[in-house]
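A look at the structure
The residues making up each chain are set out below.
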Amino acid sequence: MKFMKTLIEKIDRHQMDEAVLAKAGEILKNGGLVAFPTETVYGLGANALDENAAMKTYAAKGRPSDNPLIIHIADVEDLPIVARNISDKAKQIIERFWPGPLTLIFEKQYIVPFGTTGGLSTVAVRMPTDEIAKAVIRAGGGYISAPSANTSGRPSPTSAQHVADDFDGKIDMIIDGGNVDIGLESTILDMTVEPPMILRPGAITREMLEEVVGEVTVDVTLLVEDSGEAPKAPGMKYRHYAPKAELIIVEGETDDVIKAIRQIAYEQTRLGLKVGIIATSETESFYSNGIVKNIGTRNNENSIAKNLYRVLREFDEDDVSYIYSESFESGGIGDAIMNRLNKAAGHRVIQATDITDLQKYRRVLFVSQSDNCRGPMAAEILRNESLNQEYVIGSRGMVVLFPEPANQKAEAIMRSRQMTLAEHEATQLCEADLDEDTLVLTFEEAQKWKIVSHYENVKHVYTLGEYIDDERVVESSHGQPLQVYGERFELLRELIQKLAERLNEEAKNI
Ligand code: AMP
Ligand code: MG
């Protein structure tokens, strides 16, 4: 496309600059393209009654021309000019939800060109709440087609910067009204069928609509992944909202989802891949690998809707290869969020438990007498091994009275091997350490039996030798010269390497 100068103008919603609006109006009336904010996402405005303007819109977006545009109006009285057969139900819905994030489908009036409706005899109409949007629509003649102002396939724009990223130099004007309010496109409701049918979920939910007009159905292609039918809204058949990286949704209980994403991020980071993670305020701190982005709070899914497209766009800049997203609750705006996320992911979904079921242990604890020598050494050596699975690795003592640092000779030996126990503090073993997820390894038989007899429900306690099938025992070096520490370190390292192999064997299929 030919390069043009794109005029970018900031506008204050509460004190709109008439000159900017007049300029936008003039461009629209002359068949040009003006992007402007609405409460849902930024729209790419054009005169909806001008076939050439529609063609320009398709060209700028790279949008397939069978994907019809939504006509935006600023005054309800304008609806009959573009739509026919407006039923009583439609009037009730309009009364309740317009202006707002709801698009209605009607039979079209003759005046609406097929270029705007993608060849259909129906027309989609919405009246936005946003004051800037309304002012631009009025300035441009009252009937403005406004698809999302993004290159076809990319995440929809929720700020003027997103619009500029896709369209600077390709359209006439961008009106910058700050960040949008909702962040997901409008609900689309087909009023040409009875009962009315939702073709695209959005902030106005099925429950809200049913409260006003009784039964409302949902296009089966939104509910069943392989329905074999084409979506009723032509645009819904295209890949959409897609970030450049491969996006994968991880489904399941939030706890399992966190564990699964942690494991995947760990593995892929080890392989040298850059991984993105879509997390929430509640979960972001649980991830230690990958680029983690907080998409909002699970306590208010509106916040997630608002940030979704921004987060997807930001990952494009981070140049990640894969993005793993947590999944969100259905119901309310959650359905719209999952609809967009699923489309962005091209329906790539994995079940968290498929990953977590393969993980026998998540934590490895070495238990020694006083947790200041063999245990912390073993833990640090294991942390330096290459492991297929991510483990929390630590050590505990049978009897620990003070949080002592590691033994000085042990530290000297570790340092000579480019490792350190400087951060270590001895910790007493307790009941909570013996959970289902934890592999507990002692150095001596007696320690193992003490644990087994002292605690109930002990699950996975072994001596290190028993676990790796090696009879050699690393004895305590307490009171011995440095040289003995050194020898025992070498034996310990050998055994820990065997342990790493054994653990990797178990985690092979992850
Ligand atoms: P966008 O403009 O990006 O918000 O996308 C507009 C959506 O509305 C697309 O999914 C279109 O397929 C849908 N749409 C527009 N007009 C109609 C119509 N007459 N019948 C069904 N869906 C429509
Ligand atoms: Mg769109």
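Provided above is the structure to which this section pertains.
Below: a short report on this structure.

How each quantity is defined
Throughout, residues of each chain are indexed from 1 in the direction in which the sequence is written. In the order they appear in the text, chains get letters beginning with A and ligands get numbers beginning with 1. Local features in this predicted model are restricted to residues of pLDDT 70 or higher, and side-chain atom pairs are both shown and tallied only at a pLDDT of 80 or more, whereas totals for entire chains, interfaces and linings draw on every residue. To get the side-chain values, take all heavy atoms of the structure and skip hydrogens and water. Note on terminology: near, applied to a residue and a molecule or strand, indicates that one of the residue's heavy atoms is within 4 Å of it. Pairs of N or O atoms are called polar contacts if they sit within 3.5 Å, as long as, within protein, a hydrogen donor faces a hydrogen acceptor (for residues adjacent in sequence, only side-chain-to-side-chain pairs). The Shrake-Rupley method, run with a 1.4 Å probe, gives the accessible areas here. Residue values count only the displayed protein chains as cover. Where helices and strands are cited, they refer to DSSP runs of H or I of at least four residues and of E of at least two residues respectively, numbered from the N terminus. Buried Ala, Val, Leu, Ile, Met, Phe, Trp, Tyr and Cys residues that are joined via side-chain atoms within 4.5 Å together make up what is termed a nonpolar core. Only protein chains enter the accessibility calculation, which uses a 1.4 Å probe. A residue is then buried if its area is under 20% of the maximum for its type, exposed if over 50%, and partly exposed in between. Throughout, a contact is declared for two residues whenever any of their heavy atoms are within 4.5 Å. By the convention used here, strands pair only if DSSP detects at least 2 bridges between them. Fitting a line to C-alpha atoms yields each axis, with helices limited to the stretch in contact; the angle taken between N-to-C directions then spans 0 to 180 degrees. Take a side-chain nitrogen of Lys or Arg and a carboxyl oxygen of Asp or Glu: if they are within 4 Å of each other, that pair is a salt bridge. Place the viewer so that the strands point away; then a crossover is right-handed whenever the path from the first strand over the helix to the second strand goes clockwise.

Quick word on the site of ligand 1
Within the structure, ligand 1 sits among 19 residues, and N67, T122, P147, R200 and G235 are positioned closest to it. Here an oxygen atom of ligand 1 and a side-chain polar atom of N67 are 3.1 Å apart. Measuring from an oxygen atom of ligand 1, one finds a backbone N or O atom of P234 at 3.2 Å. When isolated, ligand 1 has an accessible area of 500 Å², and the protein chains bury 96% of it. For the shell around ligand 1, the secondary-structure elements that each account for two or more residues are β7 (122–126) and β11 (197–200). The leading source of residues in the shell around ligand 1 is β7, at three residues.

Some details on the nonpolar core
Within the largest apolar cluster, 35 residues are counted, with the highest numbers of intra-cluster contacts made by F366, L382 and L499. Where this core is concerned, the elements lending two or more residues are β18 (363–368), α14 (374–383), α15 (408–416), β20 (438–442), α17 (464–468) and α18 (482–506). Ranked by residues supplied to this core, first place goes to α18 with eight residues. If we ignore the near neighbours within four places in the chain, the residues touching F366 are G375, A378, A379, L382, I393, G394, S395, R396, L441, F443, I496 and L499.

Some remarks on the sheet that holds strand β13 (residues 246–251)
Pairing is parallel across the open sheet formed by five strands, whose spatial order is β15-β14-β16-β13-β17. Taken across any chain shown, the strands that pair with only one partner, and hence form the sheet edges, are β15 (291–294) and β17 (349–351). Taking the axes of each pair of neighbouring strands and ignoring which way they run, one obtains an average angle of 25° across the sheet. In this fold helix α11 (residues 301–318) packs onto β13, β14 (275–279), β15 and β16 (322–326), with an angle of close to 160° to the strand it touches most, β15. Against the sheet, helix α12 (residues 333–344) contacts β13, β16 and β17, and its axis sits at roughly 135° relative to β13.

Section: the environment of V218
If you trace the backbone, V218 turns up in strand β12 (residues 217–218). What makes V218 buried here is its relative accessible area of 17%. As a C-alpha pair, V218 and L199 span 19 residues in sequence and 6.5 Å in three-dimensional space. Excluding residues that lie within four positions of it along the chain, V218 makes contacts with M197, I198, R206 and L223.

As for the side chain of R396
Relative to the assigned elements, R396 resides in strand β19 (residues 392–397). Taking the relative accessible area as the measure of exposure, R396 reaches 16% and is therefore buried. A polar side-chain atom of R396 sits 3.1 Å from a polar atom in the side chain of D433. Excluding anything up to four places from it in sequence, R396 contacts R363, L365, F366, V367, S368, D371, T427, Q428, L429 and D433.

With respect to the sheet that holds β19
A sheet is described by the order of its strands in space; here four strands give the open sequence β19-β18-β20-β21, paired in parallel fashion. A single partner strand is all that each edge strand has here, and the edge strands are β19 and β21 (461–463). Shown here is a sheet whose adjacent strand axes are inclined to one another by a mean of 25°, direction ignored. Pairing of β18 with β20, which is carried by five bridges, proceeds in the parallel orientation. From the neighbouring strand, R363 faces β20, where its bridge partner is T438. Sheet strands in contact with α14 are β18 and β19, and its direction is about 175° off that of β19. Packing against the sheet, helix α16 (residues 445–454) makes contact with β18, β20 and β21, and its axis sits at approximately 165° to β21.

What about the pattern of salt bridges?
Between side chains of opposite charge, a pair can form as their charged atoms come close. This model, assessed by the stated rule, comprises 34 salt bridges. Salt-bridge contacts for D316 lead to R154; the nearest nitrogen and oxygen are separated by 2.7 Å. Residue D316 is found in helix α11, and its partner R154 is found in the loop between β8 (144–145) and α7 (160–167); the two are separated by 162 residues along the sequence. Counted as one network, the salt bridges with shared partners bring together R154, D166, R313 and D316.

With respect to the pairing of β18
Where burial is concerned, most of β18 is hidden: six out of the six residues are buried. Burial along β18 is two-sided: R363, L365 and V367 facing one way and V364, F366 and S368 facing the other are all buried. Where β18 lies against β19, six bridges are found, and the strand directions are parallel. Across the sheet, V364 pairs through a bridge with I393, a residue of β19. Taking the sense of rotation as the criterion, the β-α-β connection linking β18, α14 and β19 turns out right-handed.

Here's the deal with unusual backbone geometry
Looking along the chain, the bond that leaves W98 and enters P99 is cis, with omega of -5°. Along the chain, the position of P99 falls in the loop between α4 (88–97) and β6 (102–108). Residue P195 follows E194 across a cis peptide bond; omega there is -10°. Of note, P195 is situated in the loop between β10 (187–190) and β11. A positive phi angle, close to 65°, is found at H347, a residue other than glycine. Relative to the helices and strands, H347 resides in the loop between α12 and β17. Judged by relative accessible area, which is 39%, H347 ranks as partly exposed. A positive phi angle, close to 55°, is found at D371, a residue other than glycine. Tracing the chain through its elements places D371 in the loop between β18 and α14. Classification of D371 by relative accessible area gives buried; the value is 0%.

It is worth stressing that arrangement in space is one thing and function is another; only the former is reported here.
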